[in-house]
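# Examination of the molecular architecture
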Amino acid sequence: MAPVSIQNVRKAFGALEVISDFNLDVQDGEFVALVGPSGCGKSTILRMLAGLEPVTSGNFAIDGKSVNNLAPKDRDIAMVFQNYALYPNKTVAANMGFPLRMRGLSRAEIDDKVNEVAHVLGLENLLGRYPRHLSGGQRQRVAMGRAIVRNPKVFLFDEPLSNLDAKLRVKMRAEIKELHQRLKTTTIYVTHDQVEAMTMADKIVVMRDGKLEQTGRPLELYDAPENRFVAGFIGSPAMNFLEGEVARREDRVCFSVGGEMVVSLGEKFAPLISQAVTLGIRPEHISIHDEPVPDATQMYLGVVEPTGAETTFILKSGDAELVVVKQGRFPFTPGTSLWVSFPTDKLHVFDTTGNAVAVNS
Amino acid sequence: MSTKPQTARRIDWLPILLLLPVGVVLVLILIWPIVQGISLSFFNTRILNYSQGKFIGIANYNFLLQDENFWNSLRVTAIYGALSMSLTYLLGLGFALLLNRNFILRGFLRTIFILPWAIPEVVAVLIFMWMLDPQFGVLNYLMVKAGFIDRPLAWLTQSSLAMPALVMLTAWQQFPLAMLILLAGLQTIPREQYEAAMVDGAGPISRFFHVTLPGLRPVNVILILLLILNSFRRVTMIYAMTRGGPARSTETLSILTYNTAFEYQKIGYAAAVGTALLIILLIFSLIYFRAIIRSRSAA
């Protein structure tokens, strides 16, 4: 267990800069998820921390000590890879015992620790098997066993669940979280799946194009995204975005999309009048009505997706499209008219550069 | 409207018809000569009066089992196979490991290293015979200069040196094959396995033994069997270099077959030696194919 500090890190492959001035502090025992679209540099950060990739400039410190010049084996980290990277010619027990063997532990010590970890992960009955005889989930668990058997200062996970099917992914997600709650080892977890990040992490770091977009607790990012990218990346289904202009119409502050769809906003948006902005609202925050109500906008229903507990609607009006999620079941059929209204305290406003605009009430 | 009742076992002739030409060709150029060869081994045919050969049953085989030359050849073949395979494999592995790294001249070197394999065997033999020549040979010159030996060695006329010379030539000529196969094998080992080993604390030597060598196992089995099979079948190179001599010290089974047939003209007996070689090759081929099937099902 140890804090991790990443300071002013830059990484370039030749002339191509993939990470620029990246800073991150991870507390002792914290579970941090690095999340972002493919190619955003999150895996590169992890690999530099592991010592598998040279650092162009900047500093990586584990437990207060710079590790830039240490070999991977001397950093006291353990890593779980996307493809598990198990040794195919070794049994499960030998795979898990390998890091201990490389550290010169005796046979008896290795057996003890391997059995202990196998018990924690429920691998006791698989110890004599070879990786090729294991399912994806079992391989993943062995890879985790190999990581925790040594009791390292930091766990690094590089998209460990992306090769598993959806059901198993949800199960392993909970297992990893539970394991972290039990071991309390500092963990850095790379994923492109924001749901994984939201459900597992204490802190999420959203990255794009080698830059840190926002850092915060999962619900902080959900409730108060600092820019349009984070707003759109965190949350599923994604936040709705409407591009248009704030204007005063018939003495009311309104938002209009291409002059067609008009949304009533309320007086607190008055400072934004005649500005081009992007309005963001999460699918579950939109209210829908089957008859006209004051301040509601008429749209027609495009698609209905019932999933049992909740129903997803896709509403259209001209070029504008909204995704709405509501708890429960509804009798609406596609093509019918519905009226939508936006609770103004749930609206996010972004300026033309994509940064969030604070609306003072 | 009535439909003809379908007979349950109607033979569909079309596929058989389409396969027939290939079948005929195969029988003519493959099966027929083999059958001829094996049946010849039951006759005392000689090359000069080929039509006068008499059926003598298994007499050739009885003689074979008591023939010192046959047992010598079997021993020579085993030694030649083991030594040339080992040296070829080691050279191939060394160069494959080198070429598996990233460096500027990699593409150029890869082409250069394949050249020995592209040179016709007879030309390679001539080059080596010049290099090994007791009077003009560069190898003797260098070894004397370096102080390894006092005076030039007669590599090809001394029975203790002919085999090492032959093994050297074989390894030099064949290592590109081993190198290419091993290089392909090395490139199938996932990079993540090396990285996992690095994180797990394995140094370069541990990584070689725990990741590289096991990763090469599927190609190793196939490559080793292929090299042994090749050494059993090899005629041109050995014949051009030593003709099996001196004093039968390099007379492998294929050379013995050739010599018996065309030097001693005992073609019936040669057929018996050839059949024995065929049986050995068949056994190795079976192991080879089983290895291929197993490595496929493992992957």
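All values derive from a computational prediction rather than experimental measurement. (Residues numbered from 1 in each chain as written. Chains lettered and ligands numbered in written order. Predicted model: local features only at pLDDT ≥ 70, side-chain atom pairs only at ≥ 80, totals over all residues. Heavy atoms only, no water.)

A tally of regular secondary structure across chain B gives 12 helices and 0 strands. Along chain B, helices (α) and strands (β) appear in the sequence α-α-α-α-α-α-α-α-α-α-α-α when read from the amino end. Taking 2.2 N^0.38 as the reference for a compact globule, 299 residues should give roughly 19 Å; the C-alpha atoms of chain B span a radius of gyration of 25 Å, well beyond that estimate. When the 299 residues of chain B are sorted by exposure, 40% land in the buried category. Summed over its atoms, the accessible surface of chain B is roughly 17,700 Å², and 69% of this surface lies on carbon and sulfur atoms. Of the side chains in chain B, 22 bear a positive and 11 a negative charge, and the two mean positions are spaced by 8 Å. (Helix = DSSP H or I, 4+ residues; strand = E, 2+ residues; numbered from the N terminus. Rg over C-alpha atoms; globule rule 2.2 N^0.38 Å. Buried < 20%, exposed > 50% of the residue type's maximum accessible area, 1.4 Å probe, protein only. Areas by Shrake-Rupley, 256 points an atom, 1.4 Å probe, with all protein chains shown as cover. Lys, Arg positive; Asp, Glu negative; His and termini not counted. Charge placed at Lys NZ, Arg CZ, Asp CG, Glu CD.)

Bringing the packing of aromatic side chains into the picture now. Per the counting criterion, the structure on display carries 22 aromatic pairs over all chains. Their ring planes at 50 degrees and their centres at 5.5 Å tell us that Phe128(B) and Trp172(B) sit as a pair that is tilted. In this pair, Phe128(B) is assigned in helix H5 (residues 121–132) and Trp172(B) in helix H7 (residues 159–187), connecting sequence segments 44 residues apart. Look at Phe128(B) and you get buried, because its relative accessible area is 7%. Residue placement shows Arg132(A) over the ring face of Tyr130(A); its charged tip is 5.3 Å from the ring centre. Geometry around Tyr222(A) places Arg282(A) over its ring, the cationic atom sitting 3.8 Å from the centre. (Phe/Tyr/Trp six-rings, centres within 6.5 Å; stacked < 30°, edge-to-face > 60°. Lys NZ or Arg CZ within 6 Å of the ring centre and 35° of its normal.)

Bringing helix H5 (residues 166–183) of chain A into the picture now. Residues and elements named next belong to chain A. Between its first and last C-alpha atoms H5 spans 26 Å; for 18 residues at 1.5 Å apiece the expected length is 26 Å, and the two agree. Looking only at H5, the buried set comprises Met172, Arg173, Ile176, Leu179 and His180. Along the axis of H5, the buried residues cluster in a sector spanning 135 degrees; they form a single face. Exposed and facing more than 90 degrees away from the buried side of H5 are Lys167 and Arg182. Contacts from the buried residues of H5 go to strand S3 (31–35), helix H3 (107–121), helix H4 (136–148), strand S7 (154–158), strand S8 (186–191) and helix H6 (194–200). Residue Lys184 follows H5 closely and has a positive phi angle near 55 degrees. (Expected span 1.5 Å × (residues − 1). Arc of directions from axis to C-beta. Contact = heavy atoms within 4.5 Å.)

Residue and element names in this part refer to chain A. Pairing within the open sheet is antiparallel, and its 4 strands lie in the order S2-S1-S4-S5. Edge positions in the sheet fall to strand S2 (16–26) and strand S5 (65–66), since each of these pairs with one other strand and no more. As judged from the 5 bridges shared by strand S1 (residues 4–13) and strand S4 (residues 57–62), these two strands associate in the antiparallel manner. Within S4, the position partnered with Val4 by the bridge is Ile62. (Pairing = 2+ DSSP bridges.)

For the rest of this paragraph, the subject is the packing of helix H8 (residues 191–199) of chain B against helix H9 (residues 204–233) of chain B. Residues and elements named next belong to chain B. Look at H8 against H9: their axes get within 10 Å of each other, and the N-to-C directions meet at 145 degrees. Between H8 and H9 the crossing geometry is right-handed. Together, Gln193, Tyr194, Ala197 and Met198 of H8 and Arg207, Val211 and Thr212 of H9 make up the contact between the two elements. When its residues are assigned to classes, the contact of H8 with H9 shows 4 nonpolar, 2 polar and 1 charged. (Axes fitted to C-alpha atoms, helices over the stretch in contact; angles between N-to-C directions. Left-handed = near helix turned anticlockwise from the far one by under 90°. Nonpolar A, V, L, I, M, F, W, Y, C, P; charged D, E, K, R; others polar.)

Turning our attention to the interface of chain A and chain B. Facing the 24 residues of chain A at the interface are 15 residues of chain B. Carbon and sulfur atoms make up 59% of the surface buried where chain A meets chain B, a total of about 1,700 Å² over both sides. Our count for the contact surface shared by chain A and chain B stands at 2 salt bridges. Linking Arg47(A) and Glu195(B) is a salt bridge whose minimum nitrogen-to-oxygen distance equals 2.6 Å. Counting across the interface, chain A meets chain B through 8 residue pairs in polar contact (both at pLDDT 80 or more). Within the residue set of the side of chain A that touches chain B, elements represented by two or more residues are strand S6 (77–80) and helix H2 (92–102) of chain A. In terms of residue count, the dominant contributor to the side of chain A that touches chain B is H2(A) (4 residues). Of the residues that constitute the side of chain A that touches chain B, the class distribution is 14 nonpolar, 3 polar and 7 charged. (Buried area = accessible area lost by both parts, 1.4 Å probe. Salt bridge = Lys/Arg side-chain N within 4 Å of Asp/Glu carboxyl O. Polar contact = N/O pair within 3.5 Å; in protein donor to acceptor, adjacent residues only side chain to side chain.)

Our focus in this paragraph is the confidence of the model for chain B. Looking at chain B as a whole, its pLDDT mean stands at 85, while 96% of the residues score no less than 70. If you check the scores for this complex, the pTM reads 0.78 and the ipTM reads 0.81. (pLDDT = per-residue confidence, 0-100.)

All names here are of chain A. What the domain assignment reports for chain A is domain 1 (4–233) and domain 2 (240–357). Taken over C-alpha atoms, the centre of domain 1 sits 39 Å from the centre of domain 2. If you look at the interface, domain 1 gives 9 residues, while domain 2 gives 10 residues. Here domain 1 packs against domain 2, burying approximately 830 Å² in sum over the two surfaces, 50% of which is carbon and sulfur. Three residues stand out in domain 1 for area buried against domain 2, namely Tyr222, Arg228 and Ala231, and they jointly supply 66% of the buried area on that side. Remark: the boundary between domain 1 and domain 2 carries 1 salt bridge. Our enumeration of links across domain 1 and domain 2 arrives at 5 residue pairs in polar contact (both at pLDDT 80 or more). Sorting the residues of the side of domain 1 that touches domain 2 by element identifies helix H7 (218–223) and helix H8 (228–233) as the ones contributing at least two each. A breakdown of the residues in the side of domain 1 that touches domain 2 according to their chemical character gives 4 nonpolar, 2 polar and 3 charged. (Domains from an automatic or database assignment.)

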